[in-house]
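Here is how the chains run, residue by residue.
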Amino acid sequence: MQRSVHLKSFELVARDIDDVDVKLLHALSISVRWPHRPRDWELLRRAGRGIVAVDGIGRVFGSAMWFPHGDDFATIGLVITTPRTQAQGGGRWLMNLVLKECGDRSLTLNATHAAYPLYVSLGFTAEATVYLRQGEVSQSLPAPHLDGELKALSSDRLQEITALDTRAFGTNRERLLALLAADASICTLSRSGEIVGYSMCREFGGGSVVGPIVARDELDAIHLTAVHLKNLIGRFVRVDTREKDGAFAEFLQQSGLDIAESVTTMSKGRRFLNREHNEPWVYGLASHAFS
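Because the structure is predicted, anything quoted here is derived from the model rather than measured.

**Let's talk about a negative patch on the surface**
Here's step 1: There is a patch of like negative charges on the surface, built from Asp-16, Asp-18, Asp-19 and Glu-101.
Here's step 2: One can find Glu-101 in helix α3 (residues 90-102).

**Thoughts on the pattern of salt bridges**
Here's step 1: Taken as a whole and judged by the stated rule, the model has 14 salt bridges.
Here's step 2: Arg-37 is the salt-bridge partner of Glu-203, the closest N and O atoms lying 3.6 Å from each other. With a gap of 166 residues between them, Glu-203 in strand β10 (residues 194-204) and Arg-37 in the loop between α1 (22-31) and α2 (38-47) connect regions that are remote in the sequence.
Here's step 3: By relative accessible area, Arg-37 is classed as buried at 18%.
Here's step 4: For Glu-42, the salt bridge is made with Arg-45, and the minimal N-O distance between the two is 3.3 Å. Here Glu-42 and its partner Arg-45 are both found in helix α2, three residues apart, which amounts to about one turn of the helix.
Here's step 5: Judged by relative accessible area, Glu-42 falls into the partly exposed class, the value being 29%.
Here's step 6: Relative accessible area serves as the criterion here: at 13%, Arg-45 is assigned to the buried category.

**Concerning helix α7 (residues 218-229)**
Here's step 1: Taking 1.5 Å per residue as the helical rise, α7 with its twelve residues ought to reach 16 Å, and the 16 Å between its terminal C-alpha atoms agrees with that figure.
Here's step 2: Summarising burial for α7: ten of the twelve residues are buried, a large majority.
Here's step 3: Among the residues of α7, the N-terminal cap falls to Asp-217, whose side-chain oxygen and the backbone nitrogen of Leu-219 are separated by 3.2 Å.

**As for the nonpolar core**
The tendency in soluble globular proteins is for nonpolar side chains to be buried as a group.
Here's step 1: Counting residues in each nonpolar core, the largest one holds 35 residues, and the members touching the most others are Trp-41, Leu-44, Tyr-198, Met-200 and Phe-290.
Here's step 2: Those elements that place two or more of their residues in this core are α1, α2, β3 (49-54), β4 (60-68), β5 (73-81), α5 (159-169), α6 (174-181) and β10.
Here's step 3: What Phe-290 contacts, discounting residues up to four positions off in sequence, is Leu-44, Ala-47, Phe-67, Thr-75, Phe-169, Arg-173, Leu-176, Leu-180 and Arg-202.
Here's step 4: Within the second largest apolar cluster, 28 residues are counted, among which are Leu-224, Leu-252, Phe-272 and Tyr-283.

**Thoughts on the packing of α1 against α2**
Here's step 1: Direction vectors running N to C along α1 and α2 enclose 110 degrees, while the axes themselves pass 9 Å from each other. Between α1 and α2, the angle is such that the two are roughly perpendicular. Across the interface between the two elements, Val-22, Leu-25, His-26 and Ser-29 of α1 pack against Pro-38, Trp-41, Glu-42 and Arg-45 of α2.
Here's step 2: Broken down by class, the residue content of the contact of α1 with α2 amounts to four nonpolar, two polar and two charged.

**Considering the packing of aromatic side chains**
Here's step 1: Evaluated as defined, the whole model comprises six aromatic pairs.
Here's step 2: Plain terms: the ring middles of Phe-67 and Phe-290 are 5.1 Å apart, the flat faces sit at 80 degrees to each other, and that makes the pair edge-to-face. Here Phe-67, found in strand β4, pairs with Phe-290, found in the segment after β14 (281-284); they are 223 residues apart in sequence, far enough to count as distant. Like Phe-290, Phe-67 is buried.
Here's step 3: For the pair Phe-73 and Phe-272, a centre-to-centre distance of 5.7 Å together with 15 degrees between the ring planes defines the contact as stacked. Taken as a pair, Phe-73 in strand β5 and Phe-272 in the loop between β13 (258-268) and β14 lie far apart in primary sequence, 199 residues in all.
Here's step 4: Residue classification places Phe-73 among the buried positions, given a relative accessible area of 1%.
Here's step 5: You can call Phe-272 buried: its relative accessible area is 5%.
Here's step 6: One aromatic cluster is present, built from ring pairs that chain together Phe-73, Phe-169 and Phe-272.
Here's step 7: It is Arg-173 that lies over the ring of Phe-169; its NZ or CZ is 4.0 Å from the centre.
Here's step 8: In this structure, Lys-268 is placed above the aromatic ring of Phe-124, and the distance from its NZ or CZ to the ring centre is 5.9 Å.

Reading the values: the criteria
- Residues numbered from 1 in each chain as written.
- Predicted model: local features only at pLDDT ≥ 70, side-chain atom pairs only at ≥ 80, totals over all residues.
- Heavy atoms only, no water.
- Patch = residues over 30% accessible without salt bridge, like charges linked within 9 Å, V, L, I, M, F, W, Y side chains within 5 Å.
- Areas by Shrake-Rupley, 256 points an atom, 1.4 Å probe, with all protein chains shown as cover.
- Salt bridge = Lys/Arg side-chain N within 4 Å of Asp/Glu carboxyl O.
- Lys, Arg positive; Asp, Glu negative; His and termini not counted.
- Charge placed at Lys NZ, Arg CZ, Asp CG, Glu CD.
- Helix = DSSP H or I, 4+ residues; strand = E, 2+ residues; numbered from the N terminus.
- Buried < 20%, exposed > 50% of the residue type's maximum accessible area, 1.4 Å probe, protein only.
- Expected span 1.5 Å × (residues − 1).
- Polar contact = N/O pair within 3.5 Å; in protein donor to acceptor, adjacent residues only side chain to side chain.
- Core = buried A, V, L, I, M, F, W, Y, C linked by side-chain atoms within 4.5 Å.
- Contact = heavy atoms within 4.5 Å.
- Axes fitted to C-alpha atoms, helices over the stretch in contact; angles between N-to-C directions.
- Parallel < 35°, antiparallel > 145°, perpendicular 65-115°, else oblique.
- Nonpolar A, V, L, I, M, F, W, Y, C, P; charged D, E, K, R; others polar.
- Phe/Tyr/Trp six-rings, centres within 6.5 Å; stacked < 30°, edge-to-face > 60°.
- Lys NZ or Arg CZ within 6 Å of the ring centre and 35° of its normal.

Written out as structure tokens, the structure reads:
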């Protein structure tokens, strides 16, 4: 795959994302109105690998990242092209470079409406819709009866939730959880001494994101989300979820988190989402890129 491409009057070359000033990455996300701060980009770079498209004087015109989980699976995210080069083939060029680096891994990503046709043409299959719920938390709602015990978990005890997360997510992402937990508050839900759910809350963009949220049912997911929201009244919060209807979605709506937009979870290789009755499920995503 060629490491350079000519788009309109721009001759772009591919560079490793770690070799680019984070301020330029921040400017890239601002150009498409994505909320990522420089520190959010720094976390992404620690968590994964990426490629950026730059011109002869170092300006950034696009990015694409991938986040490996073991040798057979990865998520793809932060596929961005500037407005000046959109619909000129830059996104396809970046994606082809990333696909080559990912090798034979099975893949998943969350596609915007604009990028959806590109991913279909690259062999990705749609699996579900993700609803981006966000807004200022309006009130602390009374949660339903709690069956179990909620406790804070320190970041040095992540091994206590790793197996649960692997069952819900479908593959081990212990390294990513450790990176997220470094600046997050973590809550677990236990019954009879067994952890049956957990949630994280951390700063992101102009506010906070609650996720991942892993639980066995909607009521557990509500408790694991409410424990964070009660401390964020009046502040901007985001929860990305595949739950369109039901008690959990209604709880988020009543808390002031409206659907701002939606994206499509897609996969290439093995099917990504495999929900089973009475098994843990990811009610809240870590982020678009991490899924």
